[in-house]
Amino acid sequence: MQKIYPSLKLLFCTLLFALGLNGAFAQSISLEGVVQSSDGEALPGVTVSVENTKNGTLTDQNGKFKLTAPSNGTLVLSYIGFETLKVPINNRNIINITLKTSDQNLSEIVVVGYGQQTRKSLTSSITSIKSEDLNVGAISNAAQLLQGKVAGLNITRSGDPNAKPSIILRGASTLREGEAAQPLFVIDGVIGADIATVAPDNIVGMDVLKDAAATAIYGSRAANGVIIVTTNRPKEGQTTATYKAYIASETVSNSIDMMSADQLRAYLKANNKALGPDDDTGANTNWQDVIAQKGFSQNHNLTFGGGSKSTNYTASVNYFSQDGIIKSSGIERSIGRLSIEQYALKDKLKLGFTLATTQTNSNFVPFQDVVLTNRLRFLPTVAPFDANGNYTENLARSNYYNPLSIIDNATIKSNSKTTLGNITANLKLPFGFSYNVSASLQNNQTNGSEYYNNYYTTNYNNIAFTTDYTVVAGRSGLAVRNTYENKNALFENYLNYSKVIGQHNINAIVGYSWQQTLNGDGFQATNTNFPTDDTQGNYLGLGNYQAVSGFLVGYGPNNFAKLRLISDYARINYGLAGKYFLQASLRRDGSSAFGANNRWGYFPSISAAWGIESEDFMKNQDFFSELKLRLSYGQTGNSLGFNPLISLLRYGNVGTFSFNGSQTSAIGVVQNPNPDLKWEKTIMSNVGIDFGILNGKVKGTLDIYSKKTTDLIWTYDVDPSVYLYRQLTANAGEMSNKGVELSLNFNPIKNKNFNWNSSVNFAHNKNLLVSLTGQGLVVDSLLIGNPNGGGQTGSTVQMLVSGQPVGQFYTFKYAGRDENGVSQFYDNTGKLTLVPQNKRDYYLAGSAQPKLLLGWNNSFTYKQFDLNFFFRGVFGNKIMNSIRADYNRPQEAGSYNVLVETGTEPITDYNAFKYSDRYIESGSYLRMDNATFGYTVKTKGNYIKNLRLYTSANNLFVITKYKGIDPEVNLGGLTPGIDWNRFGGGFYPKTRTVMFGVNVSF
């Protein structure tokens, strides 16, 4: 027994030793898993490490990770924007982990060209706005959702429901207007898709790509920036449904202060004048009210979706209607959208299909510029109708028309249908490769209908037709019908490589793109002399134009154009240890729009970032929760807004000549060839800092950029004895923009019941037109900006001048009145004159370029209540108030109405209306753009998941010194800052909106 005891003792000690070794040196195992966010999105770039060791890795593009670790160890997961999480391994080989966001900011996953990146690894300047942070209101164009939300993005729009907003990012980069000056839209990967195919309620996020490092992957269309729109995508799970709706009432927010009937009579009496009997029927008519109406808007959006592990879908229907504040104007739109995703080959293949269709019906104010002009100048001393019920008219007076009669006796409608289909495929390949294919087709069909009835053609044929067609005056009614079709076909395919090797994270793409755009495929026809107005031009054949001498059928403009763009592109992203990041890209574009000698262009970029907060020397500080430095440089181009025949010799109709007793069309040269025409080229450098302090309660981004555009395209006047035609489209000139942007987000209070979040953005941009010279064309300055006021033919108010910004006001210098009470001006020698000469006597009178743009948002939540208010401002710019000038006509009082301000003017002042620095005003303003109050109802049961009721108001008030109707005038294009009287579109009054809405999910 004594011999056995020592043996047992030895065995016992051996077991204790083995157990001790097992505790100190646990068995290493291989484990893997997937890291995702709380909403199910895979999180790439998450740092996964073993606690108290240097062993770690990063998740790949699909959120997957692999590493070897002790079976009883602990994983530590860290990721910017998410709470650090410790997970015991517990001898498991597969661990799937969900990270919780550390705050309410969900913008950590950023959509970039052809993919996604984490905010942490981002090396370029991109602002991401999620759906909950977008603007609220009766919005007819989804681009308005971003107004004031992004530093450096300036969006302006009139109150016209059919008007498109003007969008400028980081200053003007071209001398051309329209599409050529706007950012490129990419919707769910479809380049150039129509934003009208997306209902605002279906947008989950918008990413604004600002610098060339972010946009260069889109090459020749990205010089003005890129806006990527992401819509609801299919998700696995049970079927869900969401219904969002609102109704809104709109009123005119401000009117122009014109004289009332009593004020006009008193002014004339004080100056020994009187109205004629036909001009004073004892009425007191406010014509601004006569043609106005109370607008009503409504929006209904139903979204539902669901699916299984292999098939997911989402579908939505949207209906939106908005009455214009001016009678006869309005818009009605229906949108249907369906997205399906199918997984196959053990989830290695994902197929996607999206179909969206939009039907838009628009009603326009006939001759809107004439109507809006005459609502101000028509005498308030007459009623809309005379004693016999006829429209009050005085057609012998120049440009004097009853505005209500024009609206009532003409109809302009447009019906547009846009369909977008997109098929995608993603195939996962071995060794970290994946292959992506996308094919899309967008088709837009627009049918226009216009009818001017018998009363109109009898009384108003002397009104100039300012729409796109030209007609000779008809009689007994005039009808215009047209139909046009635009197509955009796009094919994209690219190979993606994603690999994490220890501390190295590599992602690369290489791809090919083919795109063809066909616009203006259609025709137009006109007819006149109808037996009745009842058909409203719906039966074009009922007219008999042949019985009307001199009438020519209008076949509309010849806008048929086919443009092809072929591209190759590549990009590589490299990350080291989760704190050093590098990106390089190159795109090669070939366009059929440019000259034969310059069809191809190259657009490179390079950028880098340093995550300073991840360095060892930052570990022991607690002031910065995030600190990253970004540097970028890149080149982009501008091929938007081009007629594909712009570089070719073109022939067209140049009039008629008599042949065998009849008029025959004459054909001649209408465009000079230019085989050397090439892209506008923009080079941009950017330095940025992203930071977070006070444990993430304050976050911010500071960007400083320099943007230079060369080879500006402009149509120059040339010598017809040297060229075939008097104008030549050529590359000449250079423009620069330099600026700074600052975005700050504060979350000062956050607890169980109350949360306050405040965000503010500032932007300053300095524009400079460096030169207008190139390709042998020498131009020092160009006169632009003619408001077209009566009696001011040829009077411009702006000039493009080398060495100065776009939007410089050059006009006469006001010198008060002479002894006879007549306005006088300084000539170019400083002497006084009553007859200043255009251009020769112009003085620099200020700039339309703002010095500062501001957006400030505040959100509060208390239990189930939420409150949000948003301010937007523009500071340091000037506005030419041409409306104030054009209606300050003392000598015309009695024939036309005048401003209340005119009551202080001598009635002898025949120069009072002349454009001068007298009408250059401060354009600075601060607007309370929106206030929203909501309540989320606590729901019980299994059917209603969420119910929120809210009320919202837009454009509550404006703080400004501007005397016009509204200081928010168009700041884009070549003629920013002009409050147009005619032909500008900005004359349509702004509105104030009050709305009530409900959001419910099932």
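Residues numbered from 1 in each chain as written. Predicted model: local features only at pLDDT ≥ 70, side-chain atom pairs only at ≥ 80, totals over all residues. Heavy atoms only, no water.

1. Focus: the overall build of the protein
Point 1. Counting its regular elements, the protein contains eight helices and 51 strands.
Point 2. Here the protein has a C-alpha radius of gyration of 33 Å; the compact-globule value for 1002 residues is 30 Å, and the two agree.
Point 3. In terms of overall dimensions, the protein has C-alpha extents of about 140 × 65 × 65 Å along its principal axes.
Point 4. Going through the 1002 residues of the protein one by one, you find that 53% of them count as buried.
Point 5. Long-range contacts, defined here as pairs at least 24 residues apart, represent 70% of the contacts in the protein between residues at least 6 apart.
Point 6. Surface accessibility of the protein: about 44200 Å² in total, with carbon and sulfur atoms responsible for 56%. (Helix = DSSP H or I, 4+ residues; strand = E, 2+ residues; numbered from the N terminus. Rg over C-alpha atoms; globule rule 2.2 N^0.38 Å. Buried < 20%, exposed > 50% of the residue type's maximum accessible area, 1.4 Å probe, protein only. Contact = heavy atoms within 4.5 Å. Areas by Shrake-Rupley, 256 points an atom, 1.4 Å probe, with all protein chains shown as cover.)

2. A few points about the sheet that holds strand S7 (residues 97-99)
Point 1. Spatially, S4-S1-S7 is the arrangement adopted by the three strands of the open sheet, whose pairing is mixed. Taken across any chain shown, the strands that pair with only one partner, and hence form the sheet edges, are strand S4 (64-70) and S7. Looking at each pair of strands side by side, their axes are set apart by 40° on average, direction ignored.
Point 2. Sheet topology places strand S1 (residues 28-37) next to S4; seven bridges connect them, and they run antiparallel. Among the inter-strand pairings, Val34 is bridged to a residue of S4, identified as Lys64. (Pairing = 2+ DSSP bridges. Axes fitted to C-alpha atoms, helices over the stretch in contact; angles between N-to-C directions.)

3. Remarks on the pattern of salt bridges
Point 1. Within this structure, the stated rule accounts for 29 salt bridges.
Point 2. Among the ionic pairs, Arg872 bridges to Asp929, the shortest N-O distance being 2.9 Å. With a gap of 57 residues between them, Arg872 in strand S46 (residues 865-875) and Asp929 in strand S49 (residues 925-937) connect regions that are remote in the sequence.
Point 3. Assessed through its relative accessible area of 11%, Asp929 is described here as buried.
Point 4. In this structure, the salt-bridge partner of Glu968 is Arg872, at a minimum N-O distance of 3.2 Å. (Salt bridge = Lys/Arg side-chain N within 4 Å of Asp/Glu carboxyl O.)

4. Some words on the nonpolar core
The nonpolar side chains of a soluble globular protein tend to be buried, and buried together.
Point 1. Ile256, Ile326, Ile406, Tyr456 and Ile463 are the most contacted members of the largest nonpolar core, which totals 46 residues.
Point 2. Counting only elements with at least two residues in this core, the list comes to helix H3 (261-270), helix H4 (287-290), helix H5 (368-377), helix H6 (403-408) and strand S22 (410-428).
Point 3. Here this core takes four residues from H5, the largest share from any one element.
Point 4. The residues contacting Ile326, other than those within four sequence positions of it, are Ile291, Gln293, Val365, Leu372, Ile407, Tyr988 and Pro989.
Point 5. Tyr114, Leu184, Leu209 and Ile227 belong to the second largest nonpolar core, which has 44 residues in total. (Core = buried A, V, L, I, M, F, W, Y, C linked by side-chain atoms within 4.5 Å.)

5. Things to note about H3
Point 1. Considered for burial, the residues of H3 that qualify are Ala261, Leu264, Tyr267 and Leu268. Down the axis of H3, the smallest arc covering the buried residues is 130°, so these residues share one side. H3 presents Asp262, Lys269 and Ala270 as exposed residues on the side facing more than 90 degrees away from its buried surface.
Point 2. Downstream of H3 by a residue or two, Asn272 has a phi angle that is positive, lying close to 60°. (Arc of directions from axis to C-beta.)

6. Considerations on the UniProt feature "domain: TonB-dependent receptor plug" (unreviewed entry) in the protein
Point 1. The positions that UniProt labels "domain: TonB-dependent receptor plug" (unreviewed entry) are, in the present scheme, residues 120-226.
Point 2. Here residues 120-226 runs as 4% helix and 25% strand, with 21 Å between its end C-alpha atoms. (UniProt positions renumbered as here; feature names shortened; annotations may be inferred.)

7. A short note on the packing of aromatic side chains
Point 1. Enumeration over the complete set of coordinates arrives at 32 aromatic pairs.
Point 2. Three or more aromatic residues joined by ring pairs form one cluster here, namely Phe367, Phe385, Tyr391, Tyr401, Tyr452, Tyr455, Tyr456 and Tyr460.
Point 3. For the cation-ring pair, Arg588 lies above Trp600, with the distance from its terminal atom to the ring centre recorded as 3.9 Å. (Phe/Tyr/Trp six-rings, centres within 6.5 Å; stacked < 30°, edge-to-face > 60°. Lys NZ or Arg CZ within 6 Å of the ring centre and 35° of its normal.)

8. Quick notes on the pairing of strand S40 (residues 808-811)
Point 1. Burial along S40 is two-sided: the face carrying Gln808 and Tyr810 and the face carrying Phe809 and Thr811 are both buried.
Point 2. Strand direction decides the pairing type here: strand S39 (residues 798-801) and S40, joined by two bridges, are antiparallel. The residue bridging Met799 from the neighbouring strand is Gln808, located in S40.
Point 3. Hairpin geometry of S39 and S40 is characterised by an intervening segment of six residues between the two adjacent antiparallel strands and by a positive phi of about 90° at Gly803.
Point 4. The pairing of S40 with strand S44 (residues 843-847) spans three bridges and is classified as antiparallel. Each bridged residue has a counterpart across the sheet, and for Gln808 the counterpart in S44 is Ser847.

9. What about the sheet that holds strand S15 (residues 203-209)?
Point 1. One open sheet accounts for five strands, arranged S10-S15-S16-S13-S14; its pairing is mixed. Each edge of the open sheet carries a strand with a single partner, namely strand S10 (126-130) and strand S14 (190-191).
Point 2. Direction of pairing for strand S13 (residues 184-187) relative to strand S16 (residues 226-231): parallel, over a ladder of four bridges. Each residue of the ladder has a partner; that of Val186, found in S16, is Ile228.

10. Digging into unusual backbone geometry
Point 1. Although it is not a glycine, Asn272 adopts a positive phi angle of roughly 60°.
Point 2. Here Asn272 is to be found in the loop between H3 and H4.
Point 3. Asn272 gets classed as exposed once you look at its relative accessible area, which sits at 75%.
Point 4. With phi around 60°, Asn695 is a residue other than glycine that occupies positive phi space.
Point 5. Along the polypeptide, Asn695 turns up in the loop between strand S32 (680-693) and strand S33 (698-710).
Point 6. In this structure Asn695 comes out as exposed when scored by relative accessible area, which is 68%.

11. Things to note about a positive patch on the surface
Point 1. Taken together, the side chains of Lys64, Lys66, Lys346, Lys348, Lys428 and Lys499 define a basic patch exposed on the protein surface.
Point 2. Take Lys66: it is sitting in strand S4. (Patch = residues over 30% accessible without salt bridge, like charges linked within 9 Å, V, L, I, M, F, W, Y side chains within 5 Å. Lys, Arg positive; Asp, Glu negative; His and termini not counted. Charge placed at Lys NZ, Arg CZ, Asp CG, Glu CD.)

12. Brief notes about the side chain of Asn674
Point 1. Within the element layout of this structure, Asn674 appears in the loop between strand S31 (662-671) and S32.
Point 2. With residues near it in sequence (within four places) discarded, Asn674 still touches Gly595, Ser647, Leu728, Thr729, Ala730 and Gln775.

13. Regarding the pairing of strand S19 (residues 311-323)
When a strand is regular, its side chains alternate between the sheet's two faces.
Point 1. Pairing of strand S18 (residues 295-307) with S19 involves eleven bridges; the strand directions are antiparallel. When the bridges of S19 are listed, Gly306 appears paired with Tyr313.
Point 2. Joining the antiparallel neighbours S18 and S19 is a turn of three residues.
Point 3. Across 13 bridges, the pairing between S19 and strand S20 (residues 330-344) is antiparallel. Note that in S20 the partner of Val317 across the bridge is Gly336.
Point 4. Counting the residues in the hairpin turn of S19 and S20 gives six residues, including Ser328, whose phi is positive at 80°.

14. What about a nonpolar patch on the surface?
Point 1. Among the surface-exposed residues, Leu429, Phe431, Phe433, Tyr435, Leu495 and Val510 lie close enough to one another that they form a single nonpolar patch of about 530 Å² accessible area.
Point 2. Assignment of secondary structure puts Leu495 in strand S24 (residues 478-501).

15. Regarding the environment of Arg599
Point 1. You can see Arg599 is positioned in the loop between strand S27 (580-591) and strand S28 (600-611).
Point 2. As a C-alpha pair, Arg599 and Leu146 span 453 residues in sequence and 35 Å in three-dimensional space.
Point 3. Contact partners of Arg599, with chain neighbours within four places excluded, come to Asp589, Gly590, Ser591, Ser592, Phe594 and Trp679.

16. Comments concerning H5
Point 1. Burial analysis of H5 places ten of its ten residues in the buried class, which makes it a mostly covered element.
Point 2. Within H5, burial applies to Gln368, Asp369, Val370, Val371, Leu372, Thr373, Asn374, Arg375, Leu376 and Arg377.
Point 3. Contacts from the buried residues of H5 go to H4, H6 and helix H8 (882-886).

17. Overview of the environment of Asn786
Point 1. As for its placement among the helices and strands, Asn786 is situated in the loop between strand S38 (781-784) and S39.
Point 2. For Asn786, a relative accessible area of 24% puts it in the partly exposed group.
Point 3. C-alpha of Asn786 to C-alpha of Ser882: the two residues are 96 residues apart in sequence and 9.7 Å apart in space.
Point 4. Once you skip the residues sitting within four places of it in the chain, Asn786 turns out to touch Gln792, Gly794, Ser795, Thr796 and Trp980.

18. Section: the side chain of Asn482
Point 1. Its place among the elements puts Asn482 in strand S24.
Point 2. Ignoring any residue separated from it by four or fewer positions in sequence, one finds Asn482 in contact with Thr446, Asn447, Gly448, Phe523 and Gln524.

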